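# Residue-level structure breakdown
The residues making up each chain are set out below.
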Amino acid sequence: MGCYKYPCFFPLLIAPFNPTNKHKPWIETEYQGIVMENDNTVLLNPPLFALDKDAPLHYAGEICGFRVHNGPTGSSSVQFEAVVLDRSTGEGLVRSKEPLDCESQREHSFTIQAYDCGEGPDGVNSKKSHKATVHVRVNDVNEFSPVFVERRYEASVPEGRLFDRIVRVEALDADCSPQYSQICFYDIITPSVPFVIDNDGNIKNTEPLDSKRQRVHTFWVTAFDCGKNRAQADAQVVVTVKPSCKPGWIGWSKRVEYTPGSGSIPLFPSLHLETCEETVWNIQATVELQTGHIGKGCDRDSYSDRSVRRLCGAVRGEVDLLPPPSPAANWTSALPTLPSSDSSLVFSFNGSTHVAVVPDSIAAAVSGDHFTLQLWMRRGGINTQPPTNQARGNRREEETIVCSTVKNDDSFSHYSLSVHGCRLSLFYWPDVSAARPVKFLWKLEQVCDSEWHHLSLSVQFPSVTLYVDGVTFDPALIHDNGVIPNPAPRQRLVIGACWGIVHTHTSSDTEKHGVSLLIHLIIFYVGGYRGLLSGVTVRPGSVEPHSVVECLYACREGLDFGDLETLGSGMKVHVNPSQSALVLEGDDIESFNRAVQQVTYRNSLRFATPGVRPLKLTTSLRCFNEESCLTLRQLEGYLVVLQPDAPQISLSGVGPHLARPAPEFEGPRGVPLFPELRIVCSLSHAVNTAFWQGALMSDAVAHTLDGCEVQPLGEELNPEREELLVDMDALRERGLEIINTTAYIAITGAESISVYEDVLRSVRYRLAKGSARFERRFRLSCSEMNGRYTSNELTLEVNFLHSLDSLYHPSHLLASQQQFLHPSHHSGELSGHTLPNPHRNSVVPGAATVIIMVCVGFLVVMVIMGVFRIRSIHRRGEGARGGSKEDSGQWDDSALTIIVNPMESYESRMGISADTEGEGEEDEEVVESPDNDDQRIIIKKEGRDGNPRRY
């Protein structure tokens, strides 16, 4: 049957969709599993079965497999896999891919998911179950044996006693479970030893030990874990029997090292007292640190005395009675000086010829009955010590330190500070013509111990206060009613002795006119002082506060106690004001031992003075039975302060040259020399790490400078022509001092780096009108710690830029000193015949090159004319005119850079005429030198006639 005439239509038969895999597999939500270290099969609870409601259909009701996913930690799934044991029942098995280690990881967690076989062998339309969490714990196997922490144990015990524990041994087991990782018992495997060991590893003796019979006992012990595994290697125990107990300190280290910047370090970290069970009821220990050879008694700030006073907040206005020798302070130039480790100036007095007479102008500034006298003193000089028996009957003459008679409004007052043996006395006479003298007396061991001491005497008559090393001492007041001659009413201030006046009369014959009587005044000195003095200052007015006096004396090093809160009951600690001695007192040995271990040495200086400080420890015991009480010998050692890392003070930010137009230097404010100065202080120290062996690291640190100096190099400043200006208001506001001479400017005073930067940036250099030079060089340097550390020297060359007009004034030619020539860069246009402003273009000739420059300028003019004419000839096709000028114009400008402009004005002065013909096609042409881009000749078309003008 066919369809010939009409198209045929066949019905489309579509079978209805009837999926056979309707349900997802189902498993439990959580499983707990156990696996042994030596096995890989995981025993799950409940067992792993996957159910499918499509069963018993083929494929759809069967379980084809399980998938394992990452657990919470994200790493356990890779170690496990799940396999199907029976597809029809859905039974599965979880197992590890490789052996598990309980010691590395004891528990594992992951998720598992079942999926069926879908609707055919290719797994089409396969369905997955939900994810179930599986927790697997690895059971331990006793695979490790105990291992002792140490292979050898040593102990020392005194003879003749039984101890509860001599030494404790310890073994560890690496198994992960408590069953196999715990040590159940220890055993001594060496037979016939007088020792036993318990299950905790404690060893004790079973009988009293005798050092004479056997000095050293050596035996072996082993350990067993709870799985009865024996230790891999046995441990050796060595017990040394000490002879009868000797009381004393144990753990004393004779040498202690201190690195500057470490703060506080314990001096006796392992020291303890052995009393051999002697019953004591009082223990007292004294620790002494000897620092008398370090500076003035100890390590202090290495700044000058004036800077220290400022840092301590002392009232200003003090007068230095022993300043450094200088033209302005020449009364100390005859005194011998001694070197000092703290950079201070120390003067020596011999008791006879060494006397300093302060000028009357200085003495008049410290008049009145309210003043504070401060000084550092050391009796007996550098190598001698005054006899201590002077105060016990040897009536030697008093040694006067300061003797002063000052004029008040309408009277004279007198005072003198003297030492006599071990006594210090202040003799004060309020009015030499009326009032009786008053003597204040102190008996002090510090006066005659030949050590450095700081004295601060505050007089507010009739009240007098004395501070010795920061400690107050009350005087004994004595009204001297003896026959004492009144001091002469003459103003005079003497250091190192007291003064008197003798009137002498002499006669001389005149030429037959009789006899004339001459009266001479002879000033003599008595009571000369023998010793060293430093920092002698006096300040009139109110007295210094106690806190200021303490700061002035304060030692930056000394003994200290670590933590007072941990001090046991009944313990006492006392530290003397100079922190050179510390006393501990208590009644309990254990508390006392802990306290001794907290005795520290501290040094707050970043740059501590290196050297050796001797240490002493003296101990005294008090027992109930005084006859049999223990006696301990004195221990001696030393503390070594190592060399500190030296700071590096770097000055930068200032170029080697400073060029400014000369009129700027002639202005009222001058020109700042160091406007962009930058000061950086850093520490370079060795680094000993695994990454930088032997390297040097530089750490920027905050420092305090105490002086900077600006010095002109070559000839000194001429006050009539030049000067250096400093902001005096800023100096006074910051408490800095300045010494301004023609040879240098010195700014002194302890201040921060930022303050010195601000002050030095304000230093200006000014010239008088018409006295401009061509160059001037300055050198800048700074220091800290009273010159102990200095910076690099920064040299600045100042160049004065002069305009072309200055070339025709002889005064400028005669004033030049050296050859120097600078390039100039033009940023604006030139106009007409007017010379440019000197601020915009400049030529700086040297003295020897002025004539050469004029000749070279003439030669350059010829070159310009030749070049311009050649270009014009090429444009117009004319014959070569002036071609020979081009060859004659070749000159070497490697050493000089000359900017010539404007040329027309120059030609008119030299009497040279130039051809001004040109095409005029271009408004501006630039002919550049082949050797220097900065040499330019600008030809600009101006004027009504259209002819170009040359500049």
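Residues numbered from 1 in each chain as written. Predicted model: local features only at pLDDT ≥ 70, side-chain atom pairs only at ≥ 80, totals over all residues. Heavy atoms only, no water.

### Focus: the overall build of the chain
The secondary structure content of the chain amounts to 12 helices and 60 strands. Taken across its 951 residues, the chain has 43% of its residues classed as buried. Long-range pairs, those at least 24 residues apart, make up 69% of the contacts in the chain with a sequence separation of at least 6. As presented, the chain carries roughly 49,600 Å² of accessible surface, and 50% of it is formed by carbon and sulfur atoms. (Helix = DSSP H or I, 4+ residues; strand = E, 2+ residues; numbered from the N terminus. Buried < 20%, exposed > 50% of the residue type's maximum accessible area, 1.4 Å probe, protein only. Contact = heavy atoms within 4.5 Å. Areas by Shrake-Rupley, 256 points an atom, 1.4 Å probe, with all protein chains shown as cover.)

### Some remarks on the side chain of N603
Mapped onto the secondary structure, N603 falls in strand 42 (residues 599-603). Taking the relative accessible area as the measure of exposure, N603 reaches 2% and is therefore buried. Those residues in contact with N603 that lie beyond four places of it in its chain are Y258, G263, D299, R556, E557, A608 and R613.

### Here we look at the pairing of strand 55 (residues 775-784)
Among the 10 residues that make up strand 55, seven are buried, leaving the element largely enclosed by the rest of the structure. Where strand 50 (residues 704-712) and strand 55 come together, six bridges link them in antiparallel fashion. Across the sheet, the residue bridging to E709 is S781, located in strand 55. The pairing of strand 55 with strand 57 (residues 794-801) spans six bridges and is antiparallel. Bridging across to strand 57, R777 finds its partner in E797. As judged from the two bridges shared by strand 55 and strand 56 (residues 789-790), these two strands associate in the antiparallel manner. (Pairing = 2+ DSSP bridges.)

### Re the sheet that holds strand 18 (residues 255-258)
In space, the six strands of this open sheet follow the order 18-44-43-21-41-40, with mixed pairing throughout. The two strands at the open ends of the sheet, each matched to only one other strand, are strand 18 and strand 40 (572-575). Adjacent strand axes in the sheet meet at a mean angle of 20° when their direction is disregarded. Of the pairings in the sheet, the one linking strand 43 (residues 611-623) to strand 44 (residues 635-641) comprises seven bridges and is antiparallel in character. For L615, the partnering residue across the bridge sits in strand 44 and is G637. (Axes fitted to C-alpha atoms, helices over the stretch in contact; angles between N-to-C directions.)

### Examining the pattern of salt bridges
Taken as a whole and judged by the stated rule, the model has 18 salt bridges. Note that D234 is salt-bridged to R230, the shortest N-O span being 3.2 Å. A relative accessible area of 39% places R230 in the partly exposed class. Residue D758 pairs with R734 through a salt bridge whose shortest N-O separation is 3.8 Å. Residue D758 is found in helix 8 (residues 753-761), and its partner R734 is found in helix 7 (residues 728-734); the two are separated by 24 residues along the sequence. Several salt bridges converge on common partners, so that one network encompasses R734, E757, D758 and R761. (Salt bridge = Lys/Arg side-chain N within 4 Å of Asp/Glu carboxyl O.)

### Notes on the packing of aromatic side chains
Tallied over the entire structure, the rule returns 15 aromatic pairs. Measuring from centroid to centroid gives 4.8 Å for F80 and F110, while their planes differ by 25°, and the two rings are stacked. You can see F80 sitting in strand 4 (residues 80-86) and its partner F110 sitting in strand 6 (residues 107-116), a full 30 residues away along the chain. Of the two residues, F80 and F110, both sit in the buried class. Taken together, the aromatic side chains of F665, Y765, F778 and F800 make up a single cluster linked through ring pairs. (Phe/Tyr/Trp six-rings, centres within 6.5 Å; stacked < 30°, edge-to-face > 60°.)

### Quick look at the side chain of R776
Looking at the element boundaries, R776 is found in strand 55. In this structure R776 touches P712, L713, E715, E716, L717, E722, Y765, L796, E797, V798 and F800, once residues within four positions along its chain are discounted.

### Digging into the environment of L162
Mapped onto the fold, L162 is located in the loop between strand 9 (152-158) and strand 10 (167-168). The class of L162 is exposed, set by a relative accessible area of 53%. Sequence separation of L162 and P208 is 46 residues, and the distance between their C-alpha atoms is 5.5 Å. With residues near it in sequence (within four places) discarded, L162 still touches N205, T206, E207 and P208.

### Let's talk about the confidence of the model for the chain
Taken as a whole, the chain shows an average pLDDT of 76; of its residues, 75% reach a score of 70 or greater. By mean pLDDT, strand 59 (residues 936-941) is the weakest element of the chain at 34, and strand 13 (residues 195-197) is the strongest at 95. (pLDDT = per-residue confidence, 0-100.)

### Comments concerning the environment of F349
Tracing the backbone shows F349 in strand 24 (residues 346-350). Here F349 falls in the buried class, since its relative accessible area comes to 3%. As for F349 and L335, which are separated by 14 residues in sequence, their C-alpha atoms are 7.4 Å apart. Setting aside anything within four residues of it in sequence, one finds F349 in contact with L322, L335, H354, I495, G496, Y529, R530, G531 and L533.

### So, unusual backbone geometry
The omega torsion of the bond from N45 to P46 falls at 0°, within 30 degrees of zero and hence cis. Structurally, P46 is set in the loop between strand 2 (41-45) and strand 3 (63-69). Here A55 and P56 are connected by a cis peptide whose omega angle stands at 10°. Tracing the backbone shows P56 in the loop between strand 2 and strand 3. Phi is positive for K228, which is not a glycine, with a value near 65°. Counting through the fold element by element, K228 comes out in the loop between strand 15 (216-225) and strand 16 (235-242).

### Considerations on the state of the cysteines
Enumeration over the complete set of coordinates arrives at six disulfides. Disulfide pairing is shown between C708 and C782; the S-S distance is 2.0 Å. Judged by the sign of its S-S torsion, about 110°, the cystine formed by C708 and C782 is right-handed. Of this pair, C708 sits in strand 50 while C782 sits in strand 55, placing them 74 residues apart in sequence. In terms of burial, C708 and C782 fall into one category: buried. (Disulfide = S-S within 2.5 Å.)

### Remarks on helix 4 (residues 546-553)
Because each turn of an α-helix spans 3.6 residues, side chains separated by three or four positions in sequence point in the same direction. Taken as a whole, helix 4 has its buried residues at V548, V549, L552 and Y553. The arc that holds the buried residues of helix 4, viewed along the axis, is 130°, so those residues lie on one side. (Arc of directions from axis to C-beta.)

### Describing the sheet that holds strand 14 (residues 202-205)
Taking strand neighbours across the sheet as the criterion, the three strands line up as 10-14-13 in an open arrangement whose pairing is antiparallel. Edge positions in the sheet fall to strand 10 and strand 13, since each of these pairs with one other strand and no more.

### Quick look at a nonpolar patch on the surface
There is a patch of nonpolar side chains on the surface, built from W26, F49 and L51 and spanning about 300 Å² of accessible area. Position of F49 relative to the elements: it lies in the loop between strand 2 and strand 3. Residue classification places F49 among the partly exposed residues on the basis of a relative accessible area of 34%. (Patch = residues over 30% accessible without salt bridge, like charges linked within 9 Å, V, L, I, M, F, W, Y side chains within 5 Å.)

### Focus on helix 5 (residues 589-596)
For helix 5, the set of buried residues is S591, F592, N593, A595 and V596. The inward-facing, buried residues of helix 5 abut strand 17 (248-250), strand 20 (272-274), strand 21 (280-289), strand 39 (557-561), strand 41 (581-586) and strand 42. For helix 5, the capping residue at the N-terminal end is D588, with a side-chain oxygen 3.4 Å from the backbone nitrogen of E590. (Polar contact = N/O pair within 3.5 Å; in protein donor to acceptor, adjacent residues only side chain to side chain.)

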